[in-house]
Structure formats: structure tokens, C-alpha cells
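Single-letter residue listing:
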Amino acid sequence: MDLDAFRWLLTDDGQQLLSEASPADGAGPDDELALQADLRKRATAAQVATALTQVELRRRAEPKFGELAARMYFTHAGLEQATRLPVAKHRAGRLQAAVTTSLIDLGCGIGGDLIASAAAGITTAGVDLDPVRVAVAEANLAALDLPGAVAVADATTVDTSPFDTAFADPARRSGRGRTFSPDGWTPPWSFVEDLLLARPSCVKVAPGIPHDLVPDGVEAEWVSDHGEVKEACLWSGRLRTTVRRATVIGRGGLATITDEDAPSPGEDGAGVRPVGDYLYEPDGAVVRAGLVTAVAAGVEGGLLDEHIAYVVSDRSFRTPFARGYRVVEELPYREKQLKAALRERGVGTLTIKKRGVSVSPDALRQRLGLRGDVTATLVLTRAAGHGTALLVEPF
Ligand SMILES: C[S@@+](CC[C@H](N)C(=O)[O-])C[C@H]1O[C@@H](n2cnc3c(N)ncnc32)[C@H](O)[C@@H]1O
């Protein structure tokens, strides 16, 4: 979509066409063709295409933006790169709690983070190199009735001093796909590092960021949404509250755990221990943050192996930081005996979970030739250096 096409979409004629461009619920391909033909009576092919694309992008944006998606505007790449609303809201909530009154978003894209900070009552401004995204971000603020200013500018040359907080979410995609090296981000890692060290800043980064890349004195927070790790976020200056943090957002709300919840080396608890009655599979944000021992301490348990992210305990707890299982029994790890044990128990449908062992669950399931009506979950891992198979039942 070019800038002129998007500007046209915001005119009265464009808005009228957009409002008519949604296919009815349950519409089939023929209905869509009929809709297009009808719209073409009132607008050019390019205008119709712009409106239909926007309708389609709004539909695709629903998982990220919920009911707001129907009022917002997107570009394909801008939507893909945008922060999902629950995660952006959490960040804005933290900024608000740290008494942020004004924020400059250095690469605001279509405004996923921008709208969350504006909605949190923070005076918000955004810049981006891409004029279409700037126009879309501006339109999103207006569509959601939020204050804020947006401009086309190079983030690396913007004077951030009038704002008490700077935020950046560098683009990690190039024309050739996702860029894993932080030096390939735009703006690059050198800019991010200088920003974090120079002033209170918050920077969204890839969840795979190595811990040793995080500058001293900067907090790293890993965030998951409904079990999927979405991002890491670095917090500097007055915004930093700890060294490492894992925040999990789920159906029940939000929960957060930090390195202060983990036992110190040498302290009792959360060491390596044998299998217990319960097994816990920590959330990906906890694993990435290196806070598995904090979860182990929370469930009064320990690790099966110091390098594997499974926690075992004799106590059953409900925790937002891990999925819990009751250990039904230990089965033989050797494939032939395992196959016989599963046959004996009538297991026909098997979920295989594994950590720390090189097994392909799909290939193993095939080889096990399962038969029976019982549905079961099998955990394959290592304990005390040995392969271990545990039949478990989710809480
Ligand atoms: C990952 S996106 C930001 C997404 C945004 N946080 C959201 O939730 O919608 C990164 C943005 O940075 C912009 N960008 C990259 N380098 C820039 C620079 N030097 N100055 C300004 N913007 C830049 C890109 O155009 C892109 O829109």
C-alpha cells in the first residue's frame, strides 16, 4: 500500500468504501466476487484493492489486537512486527508504575506500542523512517481517540532529551527474512546499547538474546503470552527493578517472577533431586530468563538434572509459571520394553514431551505402534545422567 492509497482510505469516500468492503459472515468465494464487482461500480480497482486488503488485515490482526483490530489500520509487515496488545499493555503498565510521563517511541511502526502507552496516559510521540507506517500509526491514534504525535524521522538522530523515557523496538526482519544478529537490526545493537546506557530506556529485543549481551545494570525481562514466549525487554536507569524477570500473561491475568525468587548458590532447596509425585514444565519465559530454580523453590521441589528445565516435587501446586503433572509411574526407557509397557496399559494415543534427550516424538510414536483406547502423556528426559520415561497426567 502506498501513502496516497492510504490517505485516500482516510477520506470520506475511502471510509465509505471500507465500511462496505466486509464480506458477510459465512460468505463464499462467489459472494466475495459479487462484493468486489459491486464496489468496482463506485471506485477504481486500486481503491477497491486497498479497502479489501485493509478488511483482510483487520481480520488477521484480531489475535493481536482483539476487538480494537476492527477500528485500526495495518500494513502486512507493520502488523507482523507489531507488539500484541496484552504485551504492549503490560509494558505500558510498567512504564506508568515507574512514573513515566513522556515517552519517545524510536521506530513506532504502525503503533502497537504507541497506542498502549498513549492509552496508559503517557504523553507519547513516535518516529519511524517509513512514511506509510507513520501515517498508519497516526490514523490508529485517531481511530482509538488517543492523543500523541508521530513524525517521519531517523531514530538515530532524534533528540530524546525532552522525554523522560525512550522506547525502541528495532526491526529484526530484513528483505531476506528474520535477522538473528543484533548488528543486523535496524536501528542496530550499537544504537540500542548506547541508548540503554545513556538514559532511562526500554528496548524490546528478540527472546533469544544471549544473557551476556545484556549490559551490566540493565534488567532483562522475558514475556510469554498464553504459553508462547513473545519477546525480551531491556530496562535501564530508573526503569530497572531487578536483574532478570519472567512475566507470564495468561487467562488468569499476569504473573511475574525474578532472580530474587531463585535460591542463591549454596542455599537449601531447588537442587537436583530424584523424581517425585509431581513434575512441572516451566513456561518458556521462565526457561529463557534462567529462573527454573525460582519455580522449583516455589513448588518446594528441585531439578531432575541441573541442565534440564523439568522441576520435580512431592507437593502439588497450581503455579502460573509451569504446567503441572502428576507422575503416574516410571516406565522403562528402552524402546522395546517401553513399547511392551504401553501395550500392556492399552495406550493408543500418546503425547510425548521431551527435554534433554535427542528423540523425535513423531518417529518414536510411529515405532511404538500404539494400540488401545487409553490416552496418555509420556515425558522423556534425563535424570542422574540416565534416560528416564515418566507416565504423567496433566493437573
Ligand atoms: C519492529 S517495528 C516496531 C513495531 C512497533 N513497536 C509496534 O508495536 O507496532 C520497527 C520499526 O522501526 C523502524 N525503523 C528501523 N530503523 C529505524 C530508524 N533508524 N529510525 C526510525 N525508524 C526505524 C522500522 O521502519 C519499523 O517500523
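Being a predicted model, the structure only gives us computed values, none of them experimental.

Chemist: Is there a simple way to explain the site of the ligand in this structure?
Modeler: Around the ligand sit 22 residues, and of these Ala 82, Gly 107, Gly 109, Gly 112 and Ala 155 come closest. Looking at the shell around the ligand, the elements that each hand over two or more residues are helix 7 (112–119) and strand 2 (123–128). Of the residues contributing to the shell around the ligand, the split by class is eight nonpolar, eight polar and six charged.

Chemist: What is the right way to look at the pairing of strand 15 (residues 322–331) in this model?
Modeler: Of the pairings in the sheet, the one linking strand 12 (residues 278–282) to strand 15 comprises five bridges and is antiparallel in character. Within the sheet, the bridge partner assigned to Pro 282 lies in strand 15 and is Ala 322. Both strand 15 and strand 18 (residues 386–394) contribute to a ladder of six bridges, which runs antiparallel. Looking across to strand 18, one finds that Arg 326 is bridged to Glu 393.

Chemist: Whenever I open this one, helix 8 (residues 131–143) confuses me. Can you help?
Modeler: Spanning 13 residues, helix 8 covers 18 Å between terminal C-alpha atoms, matching the ideal 18 Å at 1.5 Å per step. Where burial is concerned, most of helix 8 is hidden: ten out of the 13 residues are buried. Turning to helix 8, its buried residues number three or more, namely Val 132, Arg 133, Val 134, Ala 135, Val 136, Ala 137, Glu 138, Ala 139, Asn 140 and Leu 141. Buried-residue contacts for helix 8 involve helix 1 (3–9), helix 5 (76–81), helix 7, strand 2 and strand 3 (149–152). Looking one or two residues past helix 8, Asp 145 carries a phi angle of roughly 60 degrees, positive in sign.

Chemist: Teacher, can you tell me more about the sheet that holds strand 13 (residues 302–303) here?
Modeler: Read from one edge to the other, the open sheet built from seven strands follows the order 13-14-12-15-18-17-16, with strand pairing classed as mixed. Edge positions in the sheet fall to strand 13 and strand 16 (347–354), since each of these pairs with one other strand and no more. The pairing of strand 12 with strand 14 (residues 311–313) spans three bridges and is antiparallel. When the bridges of strand 14 are listed, Leu 279 appears paired with Val 312.

Chemist: I'm lost on the pairing of strand 10 (residues 244–250) in this one. Help?
Modeler: Moving residue by residue along a regular strand, the side chains alternate between the two faces of the sheet. Taken across its seven residues, strand 10 has six buried, putting it largely inside the fold. Strand direction decides the pairing type here: strand 8 (residues 219–225) and strand 10, joined by six bridges, are parallel. Among the inter-strand pairings, Trp 222 is bridged to a residue of strand 10, identified as Ala 246. When strand 10 meets strand 11 (residues 253–258), the two strands line up antiparallel, connected through six bridges.

Chemist: Just to check I follow, could you spell out the nonpolar core for this structure?
Modeler: If you look at soluble globular proteins, the nonpolar side chains tend to sit buried side by side. Of all hydrophobic cores here, the largest spans 99 residues; its most connected members are Val 295 and Val 311. Broken down by element, this core gets its largest block of residues, seven residues, from helix 8. Once residues within four sequence positions are removed from consideration, Val 295 is found in contact with Tyr 280, Pro 282, Val 286, Val 311, Thr 319, Phe 321 and Ala 322.

Chemist: Can you help me understand unusual backbone geometry in this one?
Modeler: Excluding glycine, a negative phi dihedral is what most residues carry, and trans is how most peptide bonds are arranged. Following Thr 186, the chain continues into Pro 187 via a peptide bond in cis, with omega recorded as -10 degrees. Inspection of the secondary structure puts Pro 187 in the loop between strand 6 (177–178) and helix 9 (189–198). Residues other than glycine seldom take positive phi values, yet His 226 does so here, at roughly 50 degrees. Tracing the backbone shows His 226 in the loop between strand 8 and strand 9 (228–235). Phi angles above zero are rare outside glycine, and Glu 300 is one such case at about 55 degrees. Turning to its location among the elements, Glu 300 is positioned in the loop between helix 11 (292–298) and strand 13. We classify Glu 300 as partly exposed; it has 14 C-beta atoms within 10 Å.

About the thresholds
Residues numbered from 1 in each chain as written. Predicted model: local features only at pLDDT ≥ 70, side-chain atom pairs only at ≥ 80, totals over all residues. Near = placed C-beta within 6 Å. Helix = DSSP H or I, 4+ residues; strand = E, 2+ residues; numbered from the N terminus. Nonpolar A, V, L, I, M, F, W, Y, C, P; charged D, E, K, R; others polar. Pairing = 2+ DSSP bridges. Expected span 1.5 Å × (residues − 1). Buried ≥ 20, exposed ≤ 12 C-beta atoms within 10 Å, placed from the backbone. Contact = placed C-beta atoms within 7 Å. Core = buried A, V, L, I, M, F, W, Y, C linked by C-beta atoms within 7 Å.

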